[in-house]
Amino acid sequence: MTIAIMDDSTQDIKTLYEHISRYCKEHKTHMQIKSFTNEAALLQSLKSEKYSLVFLDIYMQESSGIQTAKKLRKLCPKCQIIFCTNSSEHAVKAFRLHALDYLTKPYTYAQLEDALNHYESIAERFAHYIELKEGRYQTRVLITDIMYADYRNHYIQVHTTSSVIRSYMSFGNFSPMLAPYGQFLWCYRNCMVNMDYVDSWDDTHFILKNGEYIPIFKTCKREIIQAYANYVFEYVNGGVNS
């Protein structure tokens, strides 16, 4: 999942970033974090990003976090909002905007952990994910975060927007986990790509939006490219769900 932080204090952004990173490590979850120091940059980013969760400071130099939240509600109605601010005086206004939580600075890691646990308990009801055993632990991976998956040296490698999860299992046992999701295309031996992350292709590869090259079966290239073209057509016409 991708989350955003808006705060005009770089130190407060750093603290929150460290707390969220700690949470991800301790709870075996993955969050891509983007930070902004003003409202304009955050709202501009919505043209290319969809946020699951946004942390907003209320007391900004050029804007109010309350007003930003109202704009977010219109532009990104499904995202959850947590306010992080220096005073509790706006708590009533925040909850009228259906904010998920309200943290008063300086908050502790435990308080942030409670807020993120609350968020995950809500998000879990709507999110699609798979669970993989990574070392001794079970790791939950959101379907929408997976760019592609391949296989090397007896390990499945799931490449997400923020990291690579490695799990000791065969590709034959892994591939049925992604089979229910129409955005995944088996494009090469022991390799499935999320077509939502494909930018273009050449004679031998899909080229992802991050610049990575994913090989395409030469013998099935026509069928694979056609499957991708069909997916894009259905997506444009509203026929694909994630």
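Residues numbered from 1 in each chain as written. Predicted model: local features only at pLDDT ≥ 70, side-chain atom pairs only at ≥ 80, totals over all residues. Heavy atoms only, no water.

Asks: Looking at this model, I keep getting lost on the side chain of Thr85. Mind explaining?
Replies: With respect to the helices and strands, Thr85 occurs in strand β4 (residues 80-85). The class of Thr85 is buried, set by a relative accessible area of 0%. Within the local environment of Thr85, its side chain forms a polar contact with the side chain of Asp57, the two groups lying 3.3 Å apart. Discounting chain neighbours no more than four positions away, the residues touching Thr85 are Asp57, Ile58, Tyr59, Tyr102, Leu103, Thr104 and Lys105. (Helix = DSSP H or I, 4+ residues; strand = E, 2+ residues; numbered from the N terminus. Buried < 20%, exposed > 50% of the residue type's maximum accessible area, 1.4 Å probe, protein only. Polar contact = N/O pair within 3.5 Å; in protein donor to acceptor, adjacent residues only side chain to side chain. Contact = heavy atoms within 4.5 Å.)

Asks: In this structure, what is going on with the layout of surface pockets? I would like to understand it.
Replies: Rolled over the atoms, a probe with the dimensions of a water molecule shows which regions are left empty. If you add up the space inside the second largest pocket, you get close to 190 Å³. Among the secondary structure elements, those contributing two or more residues to the lining of the second largest pocket are β8 (146-152) and β15 (213-215). A class-by-class count of the residues in the lining of the second largest pocket yields seven nonpolar, one polar and three charged. (1 Å grid on protein atoms, 1.4 Å probe; cavity = no way out; pocket = protein on both sides within 12 Å on 5 of 7 lines; lining within 4 Å. Points joined across faces, edges and corners; volume = space filled by probe spheres on them. Nonpolar A, V, L, I, M, F, W, Y, C, P; charged D, E, K, R; others polar.)

Asks: Hey, could you run me through the pairing of strand β13 (residues 198-201) in this one?
Replies: The side chains of a regular strand alternate, residue by residue, between the two faces of the sheet. Sheet topology places β13 next to strand β14 (residues 205-208); three bridges connect them, and they run antiparallel. Paired with Ser200 across the two strands is Ile207, which belongs to β14. (Pairing = 2+ DSSP bridges.)

Asks: Any chance you could explain the sheet that holds β13 here in plain terms?
Replies: Each strand in a sheet pairs with its neighbour through backbone hydrogen bonds, running either in the same direction (parallel) or in the opposite one (antiparallel). The antiparallel open sheet is built from three strands, whose spatial order is β13-β14-β15. Two strands lie at the open edges of the sheet, namely β13 and β15, each paired on one side alone. Neighbouring strand axes in the sheet, compared pairwise and without regard to direction, differ in orientation by 30° on average. Pairing analysis gives three bridges linking β14 to β15, with the strands arranged antiparallel. Bridged to His205 within β15 is Pro215. (Axes fitted to C-alpha atoms, helices over the stretch in contact; angles between N-to-C directions.)

Asks: Explanation requested: the sheet that holds strand β10 (residues 164-168) in the structure shown.
Replies: Reading across the sheet, the five strands line up as β10-β9-β8-β12-β11 and stay open at both edges, with antiparallel pairing between neighbours. The open sheet is flanked by β10 and β11 (184-188), the only strands paired with a single partner. Within the sheet, the average angular offset between the axes of one strand and its neighbour, ignoring direction, is 20°. Helix α6 (residues 171-178) rests against β8, β9 (155-160), β11 and β12 (191-194) of the sheet, and its axis sits at about 165° to β8.

Asks: Would you mind showing me how to read the packing of aromatic side chains here?
Replies: The way to describe two aromatic rings as a pair is by their centre distance and the angle between their planes. Counting across every chain of the model gives eight aromatic pairs. A ring pair is formed by Trp201 and Tyr228, whose centres lie 5.7 Å apart and whose planes are at 80°; its orientation type is edge-to-face. With Trp201 in strand β13 and Tyr228 in helix α7 (residues 221-236), the pair connects residues that are 27 residues apart, well separated along the chain. The class of Tyr228 is buried, set by a relative accessible area of 8%. Feature note: the residues Phe171, Phe174 and Trp186 constitute an aromatic cluster, connected by ring pairs. Cation over ring: Arg22 sits above Tyr109, and NZ or CZ is 3.8 Å from the ring centre. Sitting over the face of the ring of Tyr155, Arg166 holds its NZ or CZ atom 4.2 Å from the ring centroid. (Phe/Tyr/Trp six-rings, centres within 6.5 Å; stacked < 30°, edge-to-face > 60°. Lys NZ or Arg CZ within 6 Å of the ring centre and 35° of its normal.)

Asks: Got a minute to help me understand the pairing of strand β2 (residues 32-36) in this structure?
Replies: Two elements, strand β1 (residues 2-6) and β2, share five bridges in a ladder whose sense is parallel. Directly across from Met6, in β2, lies its bridge partner Phe36. The parallel pair β1 and β2, bridged by helix α1 (residues 10-27), forms a crossover whose chirality is right-handed. (Right-handed = clockwise from strand over helix to strand, strands pointing away.)

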